[in-house]
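Close look at the chain arrangement
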Amino acid sequence: MKNKQVFICGTGIISPVGSGLAATEETLRRNRSALAPLDLFPLQQGKPLPVGQVSGPEEEFSTPPRTHRLALIAAKQALVNANGPPDAIILGTTTGGMLTTEKLLQNRETDKKRYQFHGINTVADYLADEVNCTGPALVVSTACSSGTVAIAMALNMLRSGQAETILAGGVDSLCRLTYFGFHSLQLVDPNGSKPLDINRQGMAVAEGAGMLLLSTTRTRDTHGVLLGAGLSCDAYHPAAPHPEGKGAFMAMQKALNDASITSDAIDYINLHGTGTPDNDLAESKAVRRLFTTAPPLSSIKGATGHSLAASGAIEAAISCLAVSKDLIPANTNLQKVDPTLGLTPQKKPKDSPINVVLSNSFGFGGNNGSLIIAEPETCLSPGTKQNKIKLKTKTKTKFAIHGYSCLTGGGDTNSTLQKIKEGTTVAGRAELETISKKLPPRLIRRLKRLPRMALSLASQAHEHCGAERHTPHSIFMGTGWGALSETYDFLTRLTESGEQFPSPTDFVGSVHNASASQIAIMFGSTGPNITTGGGDYSFEQAVLAAELMMDKSPAPALLLGADEGHPVFSPLLDPSLASDTSLADGGAAFSISREPKGALCSLTIPYYHNSKAKDAMAALVTTLSATTGGLDGYGLIMVGIPAAMHQKGEEQLALFMQLASLSTPVFRYRTLIGEFASASAVATALAISCFESGSVPGTLTGGTDRHLNHQQNKILVLGLGEHITALELCRP
Amino acid sequence: MSELTKELKVKLIDILNLQDLTPENLDENAPLVGGEYGIDSIDVLEMVVMVEKDYGIVINNQEIGEKVFSTLANLTAYIKENTPASSS
């Protein structure tokens, strides 16, 4: 094995304090706050609150949306000295094209093409197109820790040998949803954010983008080294942090462990420090618990505001600045430190040797992430406390599936699977009763469609494997569209009340990771909690996230994919829903672990690429040929072709079958399961059910029943269209 | 029980979706937040919106909020005290 480090070879940053590292550094050295009253969009009433707005001539209403443009600006900066496109893109964002969608909805726009950039996946896909990246383009949405989680995933992908360069970061633009949402939670300081101050009253919602070009090879432009990352979940409350900062402590501790350093190696802590009374108090408790004597620390959010998904990535770029320029940024806007915090924040910017920085990001749902960034020379000099990271050879994790569940318009697991096997369609909206079954009324009283589905799927998958020892430690969820009901209801009430009475409950529920955090609360799952939003490939992205981020311990995890069909939003947003397509939704959940003993089957994701990649289908065939049992081992090929990609998908399928010289039966699962983003999760459940019965019903393939034997003990779940993905299930 | 208390009971059950409660078994003197009803800080904010929308009373101070929403009886009293046109 070769020693390997992950280098930060390019940084891109656009935030209210400037565009580019040089401008950012200048503002930070001047200790100037960029917070100012909102003027990006007009308000129907009231004085605009202070926000962190990026200055620029761009209009509010643009195609591609402002989020996409901010991301591209930062990406170009990060790639300025790159030799070629990155092997992959991993991006964190919470609201995607929301700012544009809000305006379209106000104008009662019905042309669905205008909504094509709504989905959070489109930000990464847009960047991939612009920078010619044909590898995986993944999107994580874990609220305000999204950027940090994206960078943590990139770190592990590089360590695994699956990529050599990755563009990773986070982005969010201001929009009404977050501006009014945080205000409705009374989390906005009307006088501008002053983190850690005794008179702090909250945050300032902001926007921006931060991007890092991460590489396993050191270049002349190396700004820093990404030493380690740690993720945790509070499993405590949908919006409030754990009062003792339990999850925050765990994330920092795990980052230190991951970097193989101890807390005394940290020279500066870049705090999450939003300026809300609860966050700053909880974070201070966690810091004091971890450090006997805390190093210099500050929150830069008094200068930049809180740019949500972008914040962790922007602060990672600023951490690079800290180590490369030996600069400790000030805790801008701080006047009098809150003595109950027991911390001494940096009041003025200071030049001081900084070798190792710890940077924190915490989000709704108790989604926490910490990164450790070091000065490159520190890590190369002898006597350092840090051990070299060992690069594994290219590895793909094999998960063992111990239990599963699914639901669709056809009903619960048994009902859905039986109907599909009979050749009957289950495409439809799952009944509210089905998705709420066995869930205590108090638990779900505030939950609308998607979180109910998620909880129902999670509890049934857990019940199915029937053992306490399978209680999940981490959660990985894919959802193409997130909580559409909560988002729609929030925006509707906001508009109907003349922007006066937005619902705090709907805002908290509208974040993509709300469902996964509910699952974590239900099970007490304090490990990584990652929600991916990859459009029609969201479930596959969740599998990738699990592969990269599942803790090394044998502790089990829960993997799921779910989407809700919303009568207004789905037909507008989902390109695969034509006017006559019946609205469908559902999903599936899997209790997974690394322990094959007693498992129903194994799951791997051998392939995930953009269909624009050169010879993508040939590469798919080569990859699958190299799997155990090879191409001949497949007893069934389930194919997901989103309706919007029908022609392209069929061509891809024909080419695949030709290149692979296969006559294996094919089942186009969307014909029976329906058109919704995470339909592939249900197909995966169906595959397991075929293993259980030992055969593939002829009704699915237009032939006779086909027995699965020792030679043909695998099922392939192919995703075609814009991206090409392969999930492989194998019976033990 | 005042008309306002009855009205508030119905509203709270509705906006907080307290499906397992009826106006009759919602005790106006029981702790509203953090008690057996499972009402938390997000619900408090939802009630803040309702009080502003339906009664024109703004509660944006945490200290006052904690007192007002401690029990339904306190909420009723606060609304009565702060509604200029109230005659009940």
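Residues numbered from 1 in each chain as written. Chains lettered and ligands numbered in written order. Predicted model: local features only at pLDDT ≥ 70, side-chain atom pairs only at ≥ 80, totals over all residues. Heavy atoms only, no water.

Once that is clear, we can look at the packing of aromatic side chains. All names here are of chain A. Summed over all chains, the structure comprises nine aromatic pairs over all chains. Measuring from ring centre to ring centre gives 5.9 Å for F364 and F507, while their planes differ by 70°; the resulting arrangement is edge-to-face. On the criterion of sequence distance, the pair formed by F364 in the loop between β15 (356-363) and β16 (367-374) and F507 in helix α17 (residues 504-510) is long-range, its members being 143 residues apart. With centroids separated by 5.6 Å and ring planes inclined at 40°, the aromatic side chains of F539 and F590 adopt a geometry described as tilted. Residue F539 is located in helix α19 (residues 538-549), and its partner F590 is located in strand β22 (residues 586-593); the two are separated by 51 residues in the primary sequence. Across this residue pair, the class does not change: F539 and F590 are buried. (Phe/Tyr/Trp six-rings, centres within 6.5 Å; stacked < 30°, edge-to-face > 60°. Helix = DSSP H or I, 4+ residues; strand = E, 2+ residues; numbered from the N terminus. Buried < 20%, exposed > 50% of the residue type's maximum accessible area, 1.4 Å probe, protein only.)

Let's shift gears to the packing of helix α2 (residues 66-78) of chain A against helix α4 (residues 121-131) of chain A. All names here are of chain A. Direction vectors running N to C along α2 and α4 enclose 45°, while the axes themselves pass 10 Å from each other. For the element pair α2 / α4, the angle class is oblique. Pair α2 / α4 crosses with right-handed handedness. Contacts between α2 and α4 pair T67, H68, A71, L72 and A75 from the former with T122, V123, Y126, L127 and E130 from the latter. When the residues that make up the contact of α2 with α4 are grouped by side-chain class, the tally is six nonpolar, three polar and one charged. (Axes fitted to C-alpha atoms, helices over the stretch in contact; angles between N-to-C directions. Parallel < 35°, antiparallel > 145°, perpendicular 65-115°, else oblique. Left-handed = near helix turned anticlockwise from the far one by under 90°. Contact = heavy atoms within 4.5 Å. Nonpolar A, V, L, I, M, F, W, Y, C, P; charged D, E, K, R; others polar.)

On average, chain A scores 94 in pLDDT, and the residues at 70 or more come to 96%. Every residue in residues 380-393 of chain A is under pLDDT 50, and counting partners more than four places away or in other chains gives 38 contacts. (pLDDT = per-residue confidence, 0-100.)

With that settled, the discussion passes to the pairing of β15(A). All names here are of chain A. Buried residues dominate β15, accounting for eight of its eight residues. Burial of the side chains of β15 extends over both faces: V356, L358, N360 and F362 are buried on one face and V357, S359, S361 and G363 on the other. Sheet topology note: the β15/β16 ladder contains eight bridges and is antiparallel. Its bridge partner lying in β16, S361 is registered against G369. (Pairing = 2+ DSSP bridges.)

So, about the confidence of the model for chain B. Residue and element names in this part refer to chain B. Considering every residue of chain B, the mean pLDDT works out to 89; 95% of them sit at 70 or more. Least confident of the elements in chain B is helix α3 (residues 62-68), whose mean pLDDT is 88; most confident is helix α4 (residues 72-82), at 95. Of the two predicted TM-score estimates for the complex, the pTM is 0.96 and the ipTM is 0.90.

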